[in-house]
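Here's the letter readout for the chains.
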Amino acid sequence: MNKTGRNEPCPCGSGKKYKQCCLPAARLPSAAFQDLESLKADVEKLDTLSNSVIDLVDAGEFDKAEAACRSLLENYPDQVDGLDRLAMVYEAKGEHARAAEYYTKVVEFAQSHPEFDQEFIDWAKEKAQMNAKKVH
């Protein structure tokens with residue numbers, strides 16, 4: 001069997017280059033590969049749950065959306081999604097004081113995690129201020 005080159009199409013059929021697809025996993029021990037697969041599945045669950053909040057808010061199902069946010073907070077405390085989505089739910093419900101509170105929590109979370117850029121932090125600050133103004 002021929003060895004696949006780094007810049008050749010990945011043999012898995014994804015359409016990506018091998019170096020951007022299966023090569024990193026091929027270099028990992030099998031236990032690490034299983035951990036990587038588990039991580040990918042967990043990220044998909046997080047994305048699905050987080051995106052479901054948007055759909056529930058759009059449908060006006062605020063109680064279900066809030067419950068999904070609580071699940072995000074419980075199951076993914078190291079991610080900003082639960083705080084951000086909960087702020088969004090409160091904003092959609094017209095509970096501006098609570099929305100401002102949770103957008104402020106988003107700011108604090110983002111400031112304590114270096115992977116967030118200043119643009120995101122500024123956006124969350126603006127959302128907090130905008131909701132706070134609607135309270136008074």
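Look above for the structure.
In this text, all values refer to a predicted model and were calculated from it rather than measured experimentally. (Residues numbered from 1 in each chain as written. Predicted model: local features only at pLDDT ≥ 70, side-chain atom pairs only at ≥ 80, totals over all residues. Heavy atoms only, no water.)

Asker: Describe the packing of helix α5 (residues 96-111) against helix α6 (residues 118-135), naming the residues involved and giving the relevant values.
Answerer: In the contact formed by α5 and α6, the axes pass within 8 Å of each other and the chain directions differ by 160°. With respect to their mutual orientation, α5 and α6 come out roughly antiparallel. With respect to the hand of their crossing, α5 and α6 are arranged in left-handed fashion. For the pair formed by α5 and α6, the contact residues are His96, Ala97, Ala99, Ala100, Tyr103, Thr104, Val106, Val107, Ala110 and Gln111 on the first element and Phe120, Ile121, Trp123, Ala124, Lys125, Lys127, Ala128, Asn131, Ala132, Lys134 and Val135 on the second. (Axes fitted to C-alpha atoms, helices over the stretch in contact; angles between N-to-C directions. Helix = DSSP H or I, 4+ residues; strand = E, 2+ residues; numbered from the N terminus. Parallel < 35°, antiparallel > 145°, perpendicular 65-115°, else oblique. Left-handed = near helix turned anticlockwise from the far one by under 90°. Contact = heavy atoms within 4.5 Å.)

Asker: Which residues make up a negative patch on the surface, and what are the values?
Answerer: A surface patch of negative charge is lined by Asp117, Glu119, Asp122 and Glu126. In this structure, Asp122 sits in helix α6. (Patch = residues over 30% accessible without salt bridge, like charges linked within 9 Å, V, L, I, M, F, W, Y side chains within 5 Å. Areas by Shrake-Rupley, 256 points an atom, 1.4 Å probe, with all protein chains shown as cover. Salt bridge = Lys/Arg side-chain N within 4 Å of Asp/Glu carboxyl O. Lys, Arg positive; Asp, Glu negative; His and termini not counted. Charge placed at Lys NZ, Arg CZ, Asp CG, Glu CD.)

Asker: Talk me through α6; I want residue IDs and the actual numbers.
Answerer: Residues separated by three or four positions in an α-helix point in the same direction, a consequence of the helix having 3.6 residues per turn. The first and last C-alpha atoms of α6 sit 26 Å apart over 18 residues, in line with the 26 Å expected at 1.5 Å per residue. Residues of α6 that are buried: Ile121, Ala124, Lys127, Ala128 and Asn131. All buried residues of α6 project into a common sector of 125° when viewed along the axis, lining one side. Away from its buried face by more than 90 degrees, α6 exposes Glu119, Glu126 and Lys133. (Expected span 1.5 Å × (residues − 1). Buried < 20%, exposed > 50% of the residue type's maximum accessible area, 1.4 Å probe, protein only. Arc of directions from axis to C-beta.)

Asker: I'd like to hear about the pattern of salt bridges, residue by residue, with values.
Answerer: As enumerated under the stated definition, the model contains 8 salt bridges in all. Arg85 is the salt-bridge partner of Asp84, the closest N and O atoms lying 3.8 Å from each other. In this structure, Arg98 and Glu95 form a salt bridge, with 3.6 Å as the shortest nitrogen-oxygen distance. A residue is classified by how much of its surface remains accessible, and Glu95, at 27% relative accessible area, is partly exposed.

Asker: Please give an account of the side chain of Ser50 that cites residues and values.
Answerer: If you trace the backbone, Ser50 turns up in helix α2 (residues 30-58). Residue classification places Ser50 among the buried positions, given a relative accessible area of 2%.

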